[in-house]
Amino acid sequence: MANNRRMGRRMGPGLGSVEKANDFKGTTKKLIKDYLSKYKTALTVVIIFAIASTIFSIVGPKILGNATTEIFNGIVSKLSGGAGIDFAKIASILLTLLGLYLLSALFSLIQGFTMTGVTQKLTYELRNDIVAKINKLPMKYFDKKTNGEVLSVITNDIDTLSQNLNQSITQIITSICTLIGILIMMFSISWEMTLVSLVILPITVLIVGKIVGKSQKYFTRQQDYLANVNGQVEEIYGGHTIVKAFNGEQDAIEEFSKANNELYRSGWKSQFLSGLMHPIMNFIGNIGYVLVAILGGYLAIKGRITVGNIQSFIQYNKQFTQPINQIAQVSGMLQSMVAAAERVFIFLEEKEEEETSDSTISTEGLKGNVTFDHVHFGYDEDRIIINDFNAKIKDGQKIAIVGPTGAGKTTIVKLLMRFYDVNSGAILVDGHNIKEFKRGELRKMFGMVLQDTWLFGGTVKDNIKYSNEDATDDEVIEAAKSAHVHHFIKTLPKAYNMVINEESSNISAGQKQLLTIARVILADPKILILDEATSSIDTRTEQQIQSAMDNLMKGRTSFIIAHRLSTIKNADLILVMDHGDIVEQGTHEELLEKGGFYSNLYNSQFEDCNDEVE
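Residues numbered from 1 in each chain as written. Predicted model: local features only at pLDDT ≥ 70, side-chain atom pairs only at ≥ 80, totals over all residues. Heavy atoms only, no water.

(A) Fine view of the environment of Asp159. Within the element layout of this structure, Asp159 appears in helix 5 (residues 147-189). Since its relative accessible area comes to 32%, Asp159 is described here as partly exposed. Between the C-alpha atoms of Asp159 and Thr123, which are 36 residues apart in sequence, the distance is 7.9 Å. (Helix = DSSP H or I, 4+ residues; strand = E, 2+ residues; numbered from the N terminus. Buried < 20%, exposed > 50% of the residue type's maximum accessible area, 1.4 Å probe, protein only.)

See below:
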């Protein structure tokens, strides 16, 4: 089983390993300067209203304590024969308190609404930048990255940035204001009681640090085995047929049980240790409350503090650890947010595909004569795979490029369409170096059908019209008929208006390929590129479309890459490649007569076919 898994981490509260940015300071500076600075006014509103909301909320317990003191004094006065409780004053205090809490809620609502607007606008802007960037990146970037890595930037990283930014900024402001405000209120009530509360804090931090140190190794081990278990499940069920075919069920069960047992042991220890945190913190906190209560009672007897202030202090004391915990949580959110932002910025700063030409040369009127003039190319400059490639192709010719895997067949096509630029030499279209055209203009000449079909979520008609948005319905139908897919489309529910998606299981791989061929037919290009275009089509279907493809290729320069040599017998010219060089060229008959590389390649396939028949 593969041990190299990339699985999501899920840790205990406050104990999980947090992903960190390589350049926290630089990324944060860039995020603020290039993006957040555009929302200075909105962020200022957020800060002001967050501070105001926190202040109104902090003052509440002190005012409530005044109400308690008033009730206590009233009861004492009543017992002494006095006027008793002043309910009017208490009502006034409570109404003031209610007003403050309402203002706090209103300000909190305003700052939350404003901050949400900022984060969503920022997310919108970043997603637009990423999509625009994707279309400007060279093909070599995607050769080095998986689809999942690119998708992760526009989905996971942007979502992480958005969510954590929305929560962390306001949380930091309110937590810091709350911490400072509570300390001020506690000192204003009694500096002696405040010092007692503060003495408890380092003891709590020390014990929590010990627990974290002990549990961290078990959390790390838990995540390793969790990744292993998840990976095994993914592999076993992904290759369920193979496992059954080779009677591997028992081995799979034993391997899973072993990893699952380790996951159980490490998970139990990590969860148990992390579960000790809250009881221990509550125990220490309760000791602090007892000490505060004893000291408060002593000070009350001495007449140095009122009963209401003792109540207020105890409330503040309970709230004191909350902003500290929140700041600890926010620090982890900030690390994850900046790490996500860093990956986004790295992606946005990738080197873009260079437009080497400023000319306005149009491809209109060009016929499709193609010349390869001493072309050398390597995906890495120190590893050349196309060596001194030379060929002259006249417009309207059907050119087949054949050779063993890795010979450089598909690379030639990528160079022709300028997905990559040659290291040396030149590729000419009607005498013009292709570097003289803008890439977008050059690619208007080409129609391409690849081995891997690509259909997007939309109707059948929309998928065919992708190559020519201005095409009429009649033109779409004619293109489908030419690709021999019209009859099949008519059998679908809603025919051309049927929506294609992942659940369209009634469309086979071969039928999807036919739809892509219809798309190219509709484009009416000057140069056709068919890269294993019939690989997903059965022999009968291949024969049906061969005549249509021949008609389509008439008058157009066509490049056909095929492993099945029987499909390119009628090509005007066959280029035989091996290790980046053209080793032979000619028609099918000429090459067979030579009895060289092509002949051996063709005969080996013919022998394989006979073996399969036998």
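(B) Inspection of the environment of Val243 at higher detail. Following the sequence through the fold, Val243 ends up in helix 7 (residues 240-245). If we skip the residues at most four places from it in the chain, Val243 touches Ile236, Gly248 and Glu249. (Contact = heavy atoms within 4.5 Å.)

(C) Representation of the confidence of the model for the protein chain within the structure. With 86% of its residues at a pLDDT of 70 or more, the protein chain has an overall mean of 77. By mean pLDDT, the top-scoring element of the protein chain is helix 13 (residues 460-464) (87), and the lowest-scoring one is helix 19 (residues 597-613) (63). In the predicted structure, residues 608-614 sits below a pLDDT of 50 and forms zero contacts with residues beyond four places in sequence or in another chain. (pLDDT = per-residue confidence, 0-100.)

(D) Geometry of the packing of aromatic side chains. Taken as a whole and assessed by the stated rule, the structure comprises six aromatic pairs. Ring geometry for Tyr35 versus Phe345: centroids 5.8 Å apart, planes at 10°, classification stacked. Here Tyr35, found in the loop between helix 1 (24-34) and helix 2 (40-79), pairs with Phe345, found in helix 10 (residues 307-348); they are 310 residues apart in sequence, far enough to count as distant. By relative accessible area, which is 4% here, Phe345 ends up buried. These aromatic residues form a ring-pair network of at least three members: Phe49, Phe56 and Phe107. (Phe/Tyr/Trp six-rings, centres within 6.5 Å; stacked < 30°, edge-to-face > 60°.)

(E) Representation of the packing of helix 14 (residues 473-482) against helix 16 (residues 509-523) in the model. Contact pair helix 14 / helix 16: the axes reach a minimum separation of 8 Å and the direction vectors enclose 125°. Classified by the interaxial angle, the pair formed by helix 14 and helix 16 is oblique. In this structure, helix 14 meets helix 16 at a crossing whose hand is right-handed. Here helix 14 contributes Glu475, Val476, Ala479, Ala480 and Ser482 to the contact with helix 16, which in turn contributes Ala518, Ile521 and Leu522. A per-class count over the contact of helix 14 with helix 16 returns six nonpolar, one polar and one charged. (Axes fitted to C-alpha atoms, helices over the stretch in contact; angles between N-to-C directions. Parallel < 35°, antiparallel > 145°, perpendicular 65-115°, else oblique. Left-handed = near helix turned anticlockwise from the far one by under 90°. Nonpolar A, V, L, I, M, F, W, Y, C, P; charged D, E, K, R; others polar.)

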